[in-house]
Amino acid sequence: MGFNCGIVGLPNVGKSTLFNALTATQAAEAANYPFCTIEPNTGRVGVPDERLDTLAALAGSQKIIPTQLEFVDIAGLVRGASKGEGLGNQFLGHIRQVDAIVHVLRCFDNDDITHVDGKVDPLRDLTTIETELMLADMEGLEKRVQSLAKRAKGGDKDAKDMGEMAADILKLLQDGKPASIYKPDKNKEDLYQQLQLLSSKPILYVCNVSEDDAATGNAYSHTVAEYAAKNGAKSIVISAAIEAEVATLPKGDQLEFLQSLGLKQTGLYQILNEGYKLLGLLTFFTIGPKEARAWTTTRGSKAPQAAGRIHTDFERGFIGAETISYQDYVDCKGEAGAKTAGKLRLEGRDYVAQDGDVFHFRFNV
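Residues numbered from 1 in each chain as written. Predicted model: local features only at pLDDT ≥ 70, side-chain atom pairs only at ≥ 80, totals over all residues. Heavy atoms only, no water.

Chemist: What is the right way to look at the pattern of salt bridges in this model?
Modeler: Note on pairing: side chains with opposite charge can pair once their charged atoms come close. By the definition in use, this model includes 16 salt bridges. Salt-bridge contacts for aspartate 73 lead to lysine 15; the nearest nitrogen and oxygen are separated by 3.7 Å. With aspartate 73 in strand E4 (residues 68-73) and lysine 15 in helix H1 (residues 15-23), this pair connects stretches of sequence that are 58 residues apart. As far as the burial class goes, aspartate 73 and lysine 15 line up, both buried. Salt bridges sharing common partners tie together Asp49, Arg51 and Asp355. (Salt bridge = Lys/Arg side-chain N within 4 Å of Asp/Glu carboxyl O. Helix = DSSP H or I, 4+ residues; strand = E, 2+ residues; numbered from the N terminus. Buried < 20%, exposed > 50% of the residue type's maximum accessible area, 1.4 Å probe, protein only.)

Structural data, given as structure tokens:
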């Protein structure tokens, strides 16, 4: 699977409650005190996709296997985390390992749930977390620039390029700007990724509101939405309390419950949908009588790379990909119909995978 989102935020904002609901487990202890989560809890979630059910019905597949995203519940950060406050170094290290950040912000008032800063203010909380990420990046880059400069003097070209990049990013951070606004040259993207900068990771802001505000949001969530729009980011509104209740219901009762609250879909669906966009992912399918399965790859992946998501041997020995678009598969009522209609194509190494492609890979190792 290989793609994951870290759920971060200050203590007591509803992160663990949300994680439990997302993964439909009680893997994370949700409690009303800071640092109830120390080791990151991990859960994989099947991505809802009606296309997979449709394809499986047409092929008479015995088994349906959705693609998955992994969520990591990371302990609450506090001001000073970059200096080790509240086990901050350990928690920041966990964030470094994820592909994207789901930043949960408390957007509800409740006197029974303490706030580490005494008052609800999601923009202040947002700034606290992002400042800590930037400070951690600054500290790391200051050390790295020096070591890269030494290697560059020895004739290491990659060290020279990375050192120049690190110095440019360090200036941005010192000006209070996150590493995410730095755009590396295409031929240097690998070097940029090697820097593993916390403030470079794509972020989805999740406004955790009360049950009464789940359908419309509130003044708190509106301020976050405005901030996100100004900064080219995305925010969504959910109620972790509602998500926790939905997770306990039979699947057939969930939609009716949501509709009674004026909601159209679960927060899980929203987060998965936006998570896919954040990470630049697409879904392709392998369909047969034994199983119908969805797979995830990055947008822009060529056919051999998509094949490698299934098994490295598929990429190493790639010969070609029998390809049918989702719509053609449906319109022709399956693979046989698509072949008869001339809608099955044999694509080669340079073919760029499209969202919804149905593949049968040919390979030889």
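Chemist: Which parts of the structure should I look at to understand the packing of aromatic side chains?
Modeler: Here the structure, examined in full by the defined rule, presents 8 aromatic pairs. Here a set of aromatic residues connected by ring pairs shows up, and it is made of Phe284, Phe318, Tyr351, Phe359 and Phe361. (Phe/Tyr/Trp six-rings, centres within 6.5 Å; stacked < 30°, edge-to-face > 60°.)

Chemist: Please explain the nonpolar core as it appears in this structure.
Modeler: Judged by nonpolar contacts, the single largest core of 52 residues is most densely connected at Leu18, Leu69, Phe71, Ile95, Val206 and Ile271. When near neighbours in sequence (up to four residues on either side) are disregarded, phenylalanine 71 contacts Cys5, Ile7, Phe19, Leu22, Asn41, Thr42, Gly43, Val45, Val102, Ile271 and Leu272. If you look at the next biggest cluster of nonpolar residues, it comprises 18 residues, including Met138, Leu170, Leu173 and Tyr192. (Core = buried A, V, L, I, M, F, W, Y, C linked by side-chain atoms within 4.5 Å. Contact = heavy atoms within 4.5 Å.)

Chemist: Would you mind showing me how to read the pairing of strand E9 (residues 291-298) here?
Modeler: Two faces make up the sheet, and in a regular strand the side chains alternate between them. Where strand E3 (residues 63-65) and E9 come together, 3 bridges link them in parallel fashion. Opposite isoleucine 64, over in E9, you have alanine 292 as the bridge partner. Relative to E9, strand E8 (residues 281-287) is paired through 7 bridges, and the arrangement is antiparallel. Residue leucine 281 lies in a different strand from E9, and its bridge partner there is threonine 298. The loop that links E8 with its antiparallel partner E9 comprises 3 residues. (Pairing = 2+ DSSP bridges.)

Chemist: It is not clear to me how the packing of helix H4 (residues 122-153) against helix H5 (residues 157-174) should be interpreted in this structure. Could you clarify?
Modeler: Describing two packed helices takes the angle between their axes plus the distance from one axis to the other. Running from N to C, H4 and H5 point in directions that differ by 150 degrees, and their axes come no closer than 9 Å. Between H4 and H5, the angle is such that the two are roughly antiparallel. Here H4 runs over H5; the crossing is left-handed. Contacts between H4 and H5 involve Met134, Asp137, Met138, Leu141, Glu142, Arg144, Val145, Leu148, Arg151 and Ala152 on the former and, on the latter, Ala159, Lys160, Met162, Gly163, Ala166, Ala167, Ile169, Leu170, Leu173 and Gln174. (Axes fitted to C-alpha atoms, helices over the stretch in contact; angles between N-to-C directions. Parallel < 35°, antiparallel > 145°, perpendicular 65-115°, else oblique. Left-handed = near helix turned anticlockwise from the far one by under 90°.)

Chemist: Where do I start with helix H2 (residues 50-59) in this structure?
Modeler: Given 3.6 residues to a turn, an α-helix orients residues that are three or four positions apart in the same direction. Those residues of H2 not exposed but buried are Arg51, Leu52, Leu55 and Ala56. All buried residues of H2 project into a common sector of 135 degrees when viewed along the axis, lining one side. Turned more than 90 degrees away from the buried face of H2 sit Glu50 and Ala57, all of them exposed. Taken together, the buried residues of H2 touch E3, E8, E9, helix H13 (326-331) and strand E12 (358-363). Directly beyond the C-terminal end of H2, a positive phi value near 65 degrees is found at glycine 60. (Arc of directions from axis to C-beta.)

Chemist: How do you make sense of the sheet that holds strand E5 (residues 100-106) when you look at a structure like this?
Modeler: Strand order in the open sheet made by the 6 strands is E2-E4-E1-E5-E6-E7, with mixed pairing throughout. Unpaired on one side and paired on the other, strand E2 (41-46) and strand E7 (234-238) mark the two borders of the sheet. When strand polarity is set aside, the average angle formed by the axes of neighbouring strands in this sheet is 25 degrees. Bridge count for E5 against strand E6 (residues 203-208) is 6 bridges, and the pairing is parallel. By the bridge assignment, isoleucine 101 is partnered in E6 with isoleucine 203. Along the sheet, H1 makes contact with strand E1 (4-8), E2, E4, E5, E6 and E7, crossing E2 at roughly 40 degrees. H4 contacts E5 and E6 of the sheet and is inclined by roughly 145 degrees relative to E5.

Chemist: How should the side chain of threonine 283 be read in this particular structure?
Modeler: Position of threonine 283 among the secondary structure elements: in strand E8. When neighbours within four sequence positions are excluded, threonine 283 is seen to be in contact with Asp49, Arg51, Thr67, Tyr276, Ala294, Trp295, Gln354, Asp355, Gly356 and Asp357.

Chemist: I tried to follow helix H10 (residues 267-279) on my own but got confused; where do I start?
Modeler: Its 13 residues give H10 an end-to-end C-alpha distance of 18 Å, which sits within 8% of 18 Å, the value for a rise of 1.5 Å per residue. Every buried residue of H10 is accounted for by Gly267, Leu268, Ile271, Leu272, Glu274, Gly275, Tyr276 and Leu279. Looking at the residues trailing H10, positive phi occurs at glycine 280, about 65 degrees. (Expected span 1.5 Å × (residues − 1).)

Chemist: What should I look at first to understand unusual backbone geometry in this one?
Modeler: Most peptide bonds take the trans configuration, and most residues that are not glycine carry a negative phi. Of note, asparagine 12 is a non-glycine position whose phi angle comes to about 65 degrees, a positive value. One can find asparagine 12 in the loop between E1 and H1. Given the relative accessible area of 13%, asparagine 12 is considered buried. Phi is positive for lysine 333, close to 60 degrees, though the residue is something other than glycine. For lysine 333, the location among the structural elements is in the loop between H13 and helix H14 (335-340). Its relative accessible area of 65% is what places lysine 333 among the exposed residues.

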